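Summary of the model geometry
Listed below are the residues making up each chain.
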Amino acid sequence: MGNDSASRVYVNNKKKACEVCGIYSEEHALPEETTEEELLALIDCLNARKDINGILVQLPLPKGIDSEKVLLRILPEKDVDAFHPVNVGKIMIGNFDFLPCTPAGVMELIRLTGIEVSGKECVVVGRSNIVGKPQAMLLLHENGTVTICHSRTKNLKEVCRRADILVAAVGKAKFITADMVKDGAIVIDVGMNRDENGKLCGDVDYDAVSSVASAITPVPGGVGPMTIAMLMRNTVKAAEIQKGM
Ligand code: GUN
């Protein structure tokens, strides 16, 4: 809903991934001036449709729309983003159907390094509901020792330097510099920013940090494609659950 340019790119990528996977998808692009009632009515309609297994409301929503109320309206079993409080609660207790896409994608990338999370120092920079908080929970599920850092954290550099696994989800271009990273750390960059030249970049100063880290994800081409892959996985899972498979 509305005219967010980043959302436009994300939605297009999600639609393309559906095509590649053979998942039917439809986009309901609502103009900025749509009312909350109209948006909620559309969600009700999609909730009721037997041929729709997953619903995703791309965020951010325009000012004046209550995002929490909108996310609450999606049936938890069709909530392929895992943003509904029922799904958030299930993740918290470790008994979940869906994982939130970006944190789940990060866990897959960490798994690919072959390094066990169990017992490792994990530092998550950022505490958003979409990434930071659920990311910390998933690392905790795998027995990491987890610290969440945010804008009030004291000695951020020292805390980050403790990390065997460092996840940056702050939304500030090149915020994580080489002096904040321990030798050999795994560094996962969830950021999606524009640098001073308008070029896409992450939260990590990639060139400098890649000489310190044992593994590092680029932006673009790191976490972003994994988020979409996890969305496809959640959608298939939603369909399986709804069909009693
Ligand atoms: N906006 C930024 N990231 C996301 C996401 O993962 N899902 C949705 N729905 N909106 C977003």
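Keep in mind the model is a prediction, meaning the values are calculated, not measured.

Quick notes on the rules
- Residues numbered from 1 in each chain as written.
- Predicted model: local features only at pLDDT ≥ 70, side-chain atom pairs only at ≥ 80, totals over all residues.
- Heavy atoms only, no water.
- Near = heavy atom within 4 Å.
- Polar contact = N/O pair within 3.5 Å; in protein donor to acceptor, adjacent residues only side chain to side chain.
- Areas by Shrake-Rupley, 256 points an atom, 1.4 Å probe, with all protein chains shown as cover.
- Nonpolar A, V, L, I, M, F, W, Y, C, P; charged D, E, K, R; others polar.
- Pairing = 2+ DSSP bridges.
- Helix = DSSP H or I, 4+ residues; strand = E, 2+ residues; numbered from the N terminus.
- Salt bridge = Lys/Arg side-chain N within 4 Å of Asp/Glu carboxyl O.
- Buried < 20%, exposed > 50% of the residue type's maximum accessible area, 1.4 Å probe, protein only.
- Contact = heavy atoms within 4.5 Å.
- Core = buried A, V, L, I, M, F, W, Y, C linked by side-chain atoms within 4.5 Å.

Digging into the site of the ligand
- Contacts to the ligand come from Lys14, Leu56, Val57, Gln58, Leu59, Asp81 and Phe83.
- A distance of 3.3 Å separates a nitrogen atom of the ligand from a polar side-chain atom of Gln58.
- The fraction of the free accessible surface of the ligand (280 Å²) that becomes covered by protein chains is 83%.
- Each residue belonging to the shell around the ligand can be placed in one class, and the counts come to four nonpolar, one polar and two charged.

Quick notes on the sheet that holds strand β4 (residues 186-189)
- The strand order across the open sheet built from five strands is β2-β1-β3-β4-β7, with neighbouring strands paired in parallel fashion. The open sheet is flanked by β2 (145-149) and β7 (215-216), the only strands paired with a single partner.
- In the sheet, strand β3 (residues 165-168) pairs with β4 via four bridges, with the strands oriented parallel. Each residue of the ladder has a partner; that of Ala168, found in β4, is Asp189.

Comments concerning the pattern of salt bridges
- Taken as a whole and assessed by the stated rule, the structure comprises 13 salt bridges.
- Residue Lys15 is joined to Glu27 by a salt bridge in which the shortest nitrogen-to-oxygen separation is 2.5 Å. Residue Lys15 is located in helix α1 (residues 5-21), and its partner Glu27 is located in the loop between α1 and α2 (36-48); the two are separated by twelve residues in the primary sequence.
- Residue Lys15 is classed as partly exposed on the basis of its relative accessible area of 30%.
- Linking Lys174 and Asp195 is a salt bridge whose minimum nitrogen-to-oxygen distance equals 4.0 Å. Of this pair, Lys174 sits in the loop between β3 and β4 while Asp195 is found in the loop between β5 (193-194) and β6 (200-201), placing the two residues 21 residues apart along the sequence.

Focus: the side chain of Asn193
- Mapped onto the secondary structure, Asn193 falls in strand β5.
- A polar atom in the side chain of Asn193 sits 2.8 Å from the side chain of Asp203.
- In this structure Asn193 touches Gly171, Lys172, Ala173, Lys199, Leu200, Cys201, Gly202 and Asp203, once residues within four positions along its chain are discounted.

A look at the nonpolar core
- With 35 residues, the main nonpolar core has Ile110, Leu139, Val167 and Ile188 as its most contacted residues.
- For this core, the secondary-structure elements that each account for two or more residues are α1, α5 (101-112), β1 (121-125), α6 (132-141), β3, β4 and α9 (223-242).
- Take this core: its biggest share by element is seven residues, from α9.
- Beyond its immediate stretch of four places on either side in the chain, Ile110 contacts Ile115, Val117, Leu139, Ile165 and Ile188.
- Formed by 19 residues, the second largest nonpolar core is a distinct cluster that contains Cys149, Leu156, Ala163 and Ile176.

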